[in-house]
Structure formats: C-alpha cells, structure tokens
Amino acid sequence: MPTPQIDSTNSDVMHPLHMGLESLGLKKWLVPRAGDEHLLAERTKIIAAYQQDVITALPEAAGAVAELAGLINERGATLESGAPTRRILKSMGTSIAEDVCVLTANDGIYRLTAAVLCFPNRWRLADKIGRTVTEIHDPVPGYAVQMSDTVDRFLAKLRPMRAVVRSNWGLSASPTLYLPNLSPPVTARADSDMYLRREEQSFLKLAGTGAVVFAIRTTVTPWEQVPKSTRNAIIAAANALGPKWLAYKALDID
C-alpha cells in the first residue's frame with residue numbers, strides 16, 4: 001500500500017496533531033514490500049546491540065502478543081506464538097519491517113504494555129512502558145487539551161480487525177534509523193542538507209484480546225530526493241508551527 005500522501009495544497013493537514021486516518025485493508029497490513037531487506041538487516045543489528053532497550057513487555061501483554069504472532073504467522077511467518085513474550089517480540093522484530101507497540105485496556109484506558117521499537121525517533125521505551133496513551137504524549141504540545149479525548153474515543157470505538165493508517169513526518173540531520181536521543185534542530189528550507197523521516201502509522205484492534213496494535217513503518221530519504229511539492233509542503237507546515245512545536249520536532253525556520 002502506498003504511504004499516505006502529503007497534501008501540498010493544505011499545510012493544515014501537515015500539522016502534527018492532524019490525525020488524517022485512512023482505511024487500510026487487512027490484507028495490506030504488515031505485508032512485506034520491496035526494499036524490506038535493508039530494513040530487516042538494520043533491525044537485526046539493532047536488536048543484537050540494544051535488545052534490552054528496544055524490546056519490552058509487561059505480563060498483561062502476553063495474550064495480545066501471542067495473538068498478534070498468530071495473525072502474522074497466517075501471512076507465512078514462523079513466529080513462536082507459544083514462546084515467552086520477549087522471545088516472540090524479538091522474532092517479530094527481525095521478521096517484519098514495522099515497529100510494533102501493543103496497547104492493552106484496563107477499565108477502558110489503553111496503556112503501552114509491550115513493544116519492539118528498533119527505529120525510535122527521540123524517545124525510549126523505558127520512559128513510556130506502562131503509561132497511558134495520554135501520558136505517553138505528555139511532551140506533545142497541546143495533546144492533552146486538543147487530542148487526548150479524541151484519540152481515546154478512537155481507540156475505544158476502533159472495530160476489531162479493521163486497520164487504519166496515517167502518515168507522520170520529521171526532519172533529521174542524520175539518516176540513522178535508531179534515534180532514541182534528542183537531536184539538534186535542523187532548518188526547514190529548500191537547500192538544507194538533511195533527511196525526511198516518514199512514519200506510516202497503522203492501528204488494528206485484535207479480535208480476541210481487544211488489544212490495539214500500533215505499528216510504525218519508518219523510512220528515511222535524503223532531502224534532495226524528496227519531490228519538490230512535498231518539500232514545499234513541509235517547509236510551509238514548519239513555518240506555520242509555533243515555538244513549542246518547533247522545539248518538540250527539533251526544527252528551525254529561516
């Protein structure tokens with residue numbers, strides 16, 4: 001499935017708080033794509049070097065992780081659905097190109113209870129595991145006031161086995177996919193020497209456990225290879241952001 005496209009005629013849809021959800025057929029969810037070999041090789045290296053940092057699970061996530069493994073195995077994978085949760089996640093991390101975060105509900109409130117996160121963008125699992133979706137987004141400007149209730153309702157009403165997808169963007173001075181630390185800001189302009197970091201973020205509620213799988217497919221593209229219309233849209237969106245958002249996204253503007 002093509003990554004959701006940037007609307008170069010409307011900078012409002014480029015704002016980070018714009019959800020921009022699109023329906024995604026289940027058969028197109030977490031399927032291999034051309035070029036995945038590079039991503040899988042990088043994921044294998046990262047897990048070997050940083051396993052304790054990029055894989056985590058709380059006991060209450062065991063059923064959801066096993067259910068997700070079974071679903072992925074239906075696509076032809078060979079994950080050990082009966083293995084310990086962390087081993088399943090490790091196998092998952094080297095078998096699919098997407099990072100996976102598992103959100104389980106307690107009294108209707110979803111919390112992050114398991115994840116394999118090889119390509120973090122300035123955040124760490126250790127800081128987020130066990131926290132609610134609102135708590136996870138505490139650093140995001142305006143999230144608690146403008147988006148928290150909307151996202152909670154979306155997760156509660158998401159129909160089982162109906163995937164949806166959105167696109168997120170960021171700019172980085174480095175092509176490195178593993179970026180858990182804060183980074184210096186880059187300047188959003190046409191001739192900058194930087195990289196566009198795109199995240200295709202999908203949501204799917206599992207039928208058995210009711211857990212929500214938040215999957216992230218990350219790609220990094222040299223800025224000069226990004227289509228001009230997309231570069232213009234991102235520059236316009238960056239110029240429309242306030243100081244708090246610029247700081248959060250590590251951006252400068254001319």
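Just above sits the structure.
Draft legend 1. Quick peek at the overall build of the protein chain. The number of helices and strands found in the protein chain is nine helices and nine strands. Residues counted as buried form 47% of the 254 residues belonging to the protein chain. Here the analysis covers contacts within the protein chain between residues at least 6 apart in sequence; of these, 70% occur between residues at least 24 apart. Working note: accessible area of the protein chain is about 12,200 Å², and carbon and sulfur atoms make up 52% of it. Within the protein chain, one finds 28 positive and 26 negative side-chain charges whose respective centroids are separated by 3 Å.

Draft legend 2. Spatial organisation of the environment of P120. Locating P120 in the fold gives a position in the loop between β4 (109–116) and α4 (125–128). Between the C-alpha atoms of P120 and L206, which are 86 residues apart in sequence, the distance is 24 Å. Those residues in contact with P120, other than ones at most four positions away along the chain, are L177, Y178, L179, P180 and R197.

Draft legend 3. Broad picture of the sheet that holds strand β1 (residues 22–24). Spatially, the seven strands line up as an open sheet ordered β1-β5-β7-β8-β3-β4-β2, and their pairing is antiparallel. Each of the sheet's edge strands pairs with one partner strand only, and the pair in question is β1 and β2 (55–57). In this sheet, neighbouring strand axes are inclined to one another by 35° on average, regardless of whether the strands run parallel or antiparallel. Relative to β4, strand β3 (residues 99–106) runs antiparallel, the two sharing seven bridges. Following the sheet pairing, V100 is matched in β4 by V116. Sheet strands in contact with helix α7 (residues 148–157) are β3, β4, β5 (163–172), β7 (195–205) and β8 (212–222), and its direction is about 50° off that of β7.

Draft legend 4. How the structure looks around the pattern of salt bridges. Taken as a whole, this structure holds seven salt bridges when the rule is applied. Between R43 and D99 there is a salt bridge, and its shortest N-O distance comes to 2.9 Å. With R43 in helix α1 (residues 36–54) and D99 in strand β3, this pair connects stretches of sequence that are 56 residues apart. In this structure, R43 and D99 share a single accessibility class: buried. The partner of R87 in a salt bridge is E80, and the shortest N-O contact between them spans 3.1 Å.

Draft legend 5. Summary view of the layout of surface pockets. Roughly 1,100 Å³ of internal volume is contained in the largest pocket. Residue lining of the largest pocket: 42 residues in total, with H137, V140, N168, Q201 and Y248 positioned closest to the centre. Those elements that provide at least two residues to the lining of the largest pocket are β3, α5 (133–136), α7, β5, β7, β8 and α9 (243–248). Of the residues forming the lining of the largest pocket, the biggest block, six residues, is contributed by β5. The residue inventory of the lining of the largest pocket, partitioned by class, reads 27 nonpolar, eight polar and seven charged.

Draft legend 6. Representation of the packing of helix α2 (residues 62–73) against helix α3 (residues 85–93) in the model. Their axes nearest at 10 Å, the elements α2 and α3 cross at an angle of 35°. At the point where α2 passes α3, the crossing takes the left-handed sense. Here α2 contributes A62, V65, A66, L68, A69 and I72 to the contact with α3, which in turn contributes T85, I88, L89 and M92. For the contact of α2 with α3, the class distribution of residues is nine nonpolar, one polar and no charged.

Draft legend 7. Local environment of empty space enclosed by the protein. Counted by the stated rule, this structure contains one cavity of 30 Å³ or more. Taken as a whole, the largest cavity spans an internal volume of roughly 70 Å³. Lining the largest cavity are L24, K28, W29, L30, R33, E98, E200, S202, A215 and R217. Of all the elements in the fold, those that place two or more residues in the lining of the largest cavity are β7 and β8. Across the lining of the largest cavity, the residue classes tally to four nonpolar, one polar and five charged.

Draft legend 8. Looking closely at the nonpolar core. In terms of nonpolar packing, the biggest core is built from 38 residues, with L155, L171, F203, W223 and L251 touching the most fellow members. Here L155 is in contact with L103, Y110, V133, F203, K205 and V212, once residues within four sequence places are set aside. Of all hydrophobic cores here, the second largest spans 37 residues; its members include L89, M92, I96 and L206.

What counts, and at which threshold
- Residues numbered from 1 in each chain as written.
- Predicted model: local features only at pLDDT ≥ 70, side-chain atom pairs only at ≥ 80, totals over all residues.
- Heavy atoms only, no water.
- Helix = DSSP H or I, 4+ residues; strand = E, 2+ residues; numbered from the N terminus.
- Buried < 20%, exposed > 50% of the residue type's maximum accessible area, 1.4 Å probe, protein only.
- Contact = heavy atoms within 4.5 Å.
- Areas by Shrake-Rupley, 256 points an atom, 1.4 Å probe, with all protein chains shown as cover.
- Lys, Arg positive; Asp, Glu negative; His and termini not counted.
- Charge placed at Lys NZ, Arg CZ, Asp CG, Glu CD.
- Pairing = 2+ DSSP bridges.
- Axes fitted to C-alpha atoms, helices over the stretch in contact; angles between N-to-C directions.
- Salt bridge = Lys/Arg side-chain N within 4 Å of Asp/Glu carboxyl O.
- 1 Å grid on protein atoms, 1.4 Å probe; cavity = no way out; pocket = protein on both sides within 12 Å on 5 of 7 lines; lining within 4 Å.
- Points joined across faces, edges and corners; volume = space filled by probe spheres on them.
- Nonpolar A, V, L, I, M, F, W, Y, C, P; charged D, E, K, R; others polar.
- Left-handed = near helix turned anticlockwise from the far one by under 90°.
- Core = buried A, V, L, I, M, F, W, Y, C linked by side-chain atoms within 4.5 Å.

That's the geometry; what it means functionally is another story.
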